[in-house]
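Residue-level listing of the chains:
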Amino acid sequence: ATIRAGSYTEELLQTAKSIASPGRGILAIDESNATCGKRLASIGLDNTEANRQAYRQLLLTTSGLGEYISGAILFEETLYQSTIDGTKFVDCLRGENIVPGIKVDKDNGLVPIVEPEILLDGDHAIERTLEVAENVWAEVFFYLAQNNVVFEGILLKPSMVTPGAEHKEKASPETIAKYTLTMLKRRVPPAVPGIMFLSGGQSEVEATLNLNAMNQSPNPWHVSFSYARALQNTVLKTWKGQPENVETAQKALLIRAKANSMAQLGRYSA
Ligand code: 13P
């Protein structure tokens, strides 16, 4: 079969493949300034450019991050920010072999991450989430195909199939994995190289356990993570805006990144 050639096709496929490489996933730090402000407020910091810069510098200069992280999704502001000593954040990432990306609506030459948002609010059972997710992904893939999107050059960022956030019972990682994989197998062609889940308000350990459960048997795609909160919560709480905590906070980031890397390989144990 031929792949519909566009000038960027080859580059797209390479980039998508490198992001979907074994034992690695995406660090999502594409919080808008407003959302970043909420994160900073949770540790008592003002939403100033200096504080956003300091926080992003902490995340993006974590040495060794590239072993577990293959891509970072940045907010546009971050694309042009630098470390205090003048190294562009994107160059810090390249130094770790991490592909930088941004949130945009148009993207020749950029690997598109397809992310329809299915809200988790509600007291519905997991079956209802499965039904809605199947409808949403059927429609998304219909339009991707209609628009001649090269499936080999995209990544998906779905939410896991879980019960609604206010449902009376929590589901086990095995149940979440079963429903989520059922949905993916019914709806996502194997040509798509990577499925990068968002954490959607799950705790750090839940997000890792759920990902690990999904990787207990081989999948047609690279099933991995694109977590924001589930990689950042402890980092933020450890940092507290204090320069003397940066090193410990970076260690906390590496611990979560490594745990999710193991989960991507299906080898995580708590
Ligand atoms: P969470 O992992 O916090 O749900 O965020 C992922 C995401 O979509 C950020 O772009």
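So, how was this worked out
- Residues numbered from 1 in each chain as written.
- Predicted model: local features only at pLDDT ≥ 70, side-chain atom pairs only at ≥ 80, totals over all residues.
- Heavy atoms only, no water.
- Helix = DSSP H or I, 4+ residues; strand = E, 2+ residues; numbered from the N terminus.
- Buried < 20%, exposed > 50% of the residue type's maximum accessible area, 1.4 Å probe, protein only.
- Contact = heavy atoms within 4.5 Å.
- Areas by Shrake-Rupley, 256 points an atom, 1.4 Å probe, with all protein chains shown as cover.
- Core = buried A, V, L, I, M, F, W, Y, C linked by side-chain atoms within 4.5 Å.
- Axes fitted to C-alpha atoms, helices over the stretch in contact; angles between N-to-C directions.
- Parallel < 35°, antiparallel > 145°, perpendicular 65-115°, else oblique.
- Left-handed = near helix turned anticlockwise from the far one by under 90°.
- Nonpolar A, V, L, I, M, F, W, Y, C, P; charged D, E, K, R; others polar.
- Pairing = 2+ DSSP bridges.

### Regarding the overall build of the protein chain
Each helix and strand in the protein chain was counted, giving ten helices and seven strands. Dimensions of the protein chain, computed from C-alpha atoms along their principal axes, come out at roughly 50 × 50 × 35 Å. Here the protein chain holds 270 residues, and the buried ones make up 50% of them. The long-range share in the protein chain, meaning contacts at least 24 apart out of those at least 6 apart in sequence, stands at 79%. Summed over its atoms, the accessible surface of the protein chain is roughly 13100 Å², and 51% of this surface lies on carbon and sulfur atoms.

### Focus: the nonpolar core
Judged by nonpolar contacts, the single largest core of 64 residues is most densely connected at I69, F141, L156, F197, Y227 and W239. Sorting elements by how many residues they give to this core places helix 6 (residues 126–146) first, with seven residues. Each residue touching Y227, except ones within four places of it in the same chain, is listed here: I26, L27, A28, M160, F197, L198, S199, A207, L211 and N260.

### What about the packing of helix 3 (residues 49–60) against helix 10 (residues 246–264)?
Interaxial distance between helix 3 and helix 10 falls to 9 Å at its minimum, and their mutual angle equals 55 degrees. Relative to helix 10, the element helix 3 lies oblique. Read as a crossing pair, helix 3 and helix 10 show a hand that is right-handed. Every residue of helix 10 that contacts helix 3 at Q57, L58 and L59 is listed here: V246, A249, Q250 and L253. In terms of residue class, the contact of helix 3 with helix 10 is made up of five nonpolar, two polar and no charged.

### Remarks on the sheet that holds strand 5 (residues 155–156)
As summarised here, the arrangement of the seven strands in space is 3-2-1-7-6-5-4, forming an open sheet in which the pairing is parallel. For this open sheet the edge positions go to strand 3 (99–102) and strand 4 (113–114), each flanked by a neighbour on one side alone. Examined bridge by bridge, strand 5 and strand 6 (residues 194–197) share two bridges and lie parallel to one another. Looking at the pairing, L156 lines up with I195 of strand 6. In the packing of helix 1 (residues 9–19) onto the sheet, contacts are made with strand 1 (25–29), strand 2 (69–74), strand 3, strand 5, strand 6 and strand 7 (222–227), and the angle to strand 3 comes to roughly 105 degrees.

### Observations regarding unusual backbone geometry
Within the chain, N148 stands out as a residue other than glycine whose phi angle is a positive 55 degrees. Summarising the element assignment, N148 is placed in the loop between helix 6 and strand 5. Within the chain, K240 stands out as a residue other than glycine whose phi angle is a positive 55 degrees. Note on placement: K240 falls in the loop between helix 9 (229–239) and helix 10. Accessibility expressed as a relative area gives 48% for K240, which makes it partly exposed.

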